[in-house]
Amino acid sequence: MTVSVPFTSLISVKDLDQLATPEWRVIDCRFSLADPLFGRHAYATGHLPGAFFLDLEEDLSGPVTGRNGRHPLPAPGLLADKLGGLGIGDQTQVVAYDDAGGMFAARLWWLLRWLGHSQVAVLNGGLQAWVSGGHPLSTDTPEARAAAFTLKLQNGMKVDADHVQHHLGTPDMLLIDARAPDRYRGENETLDPVGGHIPGAINRFFKDNLGPDGCFKQASELQEEYGRILKGGDAHTAVLQCGSGVTACHNLLAMEAAGLDGARLYAGSWSEWCADSTRPVATGPG
């Protein structure tokens, strides 16, 4: 069996174990919205051998203003410098993982692609799959030799709030919301000051991308499920959002793994949208 290298969407534990070299970079993206220090503590307790750590809020997000969402995109140049400092160069294969089904690792996956680095994949099944496969963890902190990371920003991969508002109700945009169904309906909202969803958005809970084993469903199954959402339309019309632009990347990753590329991210997502009281809000099942 021929293995496809580089990896650009998902990578299995078996492939990571067999193919990884010292030139690869494995990044631990563990995080908890309830405990911002969780990821760092978990990394110190035990991580994949050779893995570095990046924090969702300190490394993979930019400053919060109160009107740009809870996890705005980081400054591209700063992130590029940080990645280069970890030894990620233009030809480096990057593997991101977490312990939440790829919920946070997918954010790094999308960010690297946005910066123009396509050789990045999420470890399918994450830390749990690695451990259950009998592989060890390490508490050693690796040393990195800086590499030249060339920034080639791909701004066509995202849209802003004005784009979303301008295209509401038009066939040019299919808005897909990755939040849990109750939050989409406007119920049990605990993270944002306003409950509900952007009018016209379709709900696709990101956890529905996973099977009972915590791994992504097979590409054929994902292709069928997203095909029903797209209703035969072009993936390029899809704009994906969530609460703060994090779990929407999980849906983008699932679509990519299914061969449905071209969808874009609304990074500010609901937390940015609802910060402006002039923007319309919908509640209920949609």
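Note: the structure precedes this text.
Residues numbered from 1 in each chain as written. Predicted model: local features only at pLDDT ≥ 70, side-chain atom pairs only at ≥ 80, totals over all residues. Heavy atoms only, no water.

Regarding the pairing of strand β7 (residues 174–177)
Of the two faces of β7, the one lined by L174 and I176 and the one lined by L175 and D177 are each fully buried. Relative to strand β9 (residues 238–241), β7 is paired through four bridges, and the arrangement is parallel. Each bridged residue has a counterpart across the sheet, and for D177 the counterpart in β9 is Q241. Relative to strand β8 (residues 202–203), β7 is paired through two bridges, and the arrangement is parallel. Looking across to β8, one finds that I176 is bridged to I202. (Buried < 20%, exposed > 50% of the residue type's maximum accessible area, 1.4 Å probe, protein only. Helix = DSSP H or I, 4+ residues; strand = E, 2+ residues; numbered from the N terminus. Pairing = 2+ DSSP bridges.)

Some details on the pairing of strand β4 (residues 94–97)
Where burial is concerned, the two faces of β4 agree: the one with V94 and A96 and the one with V95 and Y97 are both buried. The parallel pair β4 and strand β5 (residues 120–123), bridged by helix α4 (residues 105–114), forms a crossover whose chirality is right-handed. (Right-handed = clockwise from strand over helix to strand, strands pointing away.)

Overview of the environment of A146
Mapped onto the elements, A146 comes out in the loop between α5 (126–132) and β6 (158–159). Between the alpha carbons of A146 and V5 there is a distance of 23 Å; along the sequence they are 141 residues apart. Residues contacting A146, with those up to four places away along its chain left out, are G84, G85 and G87. (Contact = heavy atoms within 4.5 Å.)

Regarding α4
Burial analysis of α4 places 10 of its 10 residues in the buried class, which makes it a mostly covered element. Within the sequence span of α4, burial applies to A105, A106, R107, L108, W109, W110, L111, L112, R113 and W114. Within two residues after α4, G116 carries a phi angle of roughly 100°, on the positive side.

Structural notes on the side chain of S271
Relative to the elements of secondary structure, S271 occurs in helix α10 (residues 269–273). Within the structure, S271 has its side chain in polar contact with the backbone nitrogen of R70 (distance 3.0 Å). Polar side-chain contacts of S271 include one of 2.8 Å to the backbone oxygen of G243. (Polar contact = N/O pair within 3.5 Å; in protein donor to acceptor, adjacent residues only side chain to side chain.)

What to know about the pattern of salt bridges
Enumeration according to the criterion identifies 15 salt bridges in this entry. In this structure, D192 and R183 form a salt bridge, with 3.2 Å as the shortest nitrogen-oxygen distance. We note a salt bridge from R185 to E187, for which the minimum N-O separation is 3.1 Å. Since its relative accessible area comes to 30%, R185 is described here as partly exposed. For E187, a relative accessible area of 37% translates into the label partly exposed. Residues joined in a network through salt bridges with shared partners are R70, D177, R179, R183, E189 and D192. (Salt bridge = Lys/Arg side-chain N within 4 Å of Asp/Glu carboxyl O.)

Examining the nonpolar core
As a rule of thumb, soluble globular proteins bury nonpolar side chains together. By size, the foremost hydrophobic cluster in this structure holds 58 residues, and its most contacted members are I27, L83, L108, W110, L240 and M255. When residues of this core are traced back to their parent elements, those giving at least two are α3 (76–85), β4, α4, β5, β7, α8 (219–230), β9 and α9 (248–257). Considering each element in turn, this core owes the most residues, eight residues, to α4. Judged by nonpolar contacts, the second largest core, of 15 residues, contains F7, V13, L16 and A51. (Core = buried A, V, L, I, M, F, W, Y, C linked by side-chain atoms within 4.5 Å.)

Some thoughts on the sheet that holds β7
One open sheet holds the five strands; their spatial order is β6-β10-β9-β7-β8, and the pairing between them is parallel. Either end of the sheet is taken by a strand with one partner, and the two such strands are β6 and β8.

Structural notes on the packing of aromatic side chains
Tallied over the entire structure, the rule returns five aromatic pairs. Relative to F104, the ring of F31 lies with its centre 5.6 Å away and its plane at 70°, an arrangement referred to as edge-to-face. One end of the pair, F31, is in the loop between β2 (25–28) and α2 (38–45); the other, F104, is in the loop between β4 and α4, and 73 residues separate them in sequence. On the basis of relative accessibility, which here comes to 3%, the residue F31 falls in the buried class. Overall, F104 belongs to the buried group, its relative accessible area being 3%. (Phe/Tyr/Trp six-rings, centres within 6.5 Å; stacked < 30°, edge-to-face > 60°.)

Points about the sheet that holds strand β1 (residues 10–11)
Backbone hydrogen bonds hold the strands of a sheet together, and the pairing may be parallel or antiparallel. Overall, parallel pairing links the five strands, which are arranged β1-β5-β4-β2-β3 in an open sheet. Since the sheet does not close on itself, it has two edges, and those belong to β1 and β3 (52–53), each with one partner. Pairing geometry for β1 and β5, over two bridges, is parallel. Its bridge partner lying in β5, L10 is registered against V122.

Everything listed is a geometric property; what it means functionally is a separate question.
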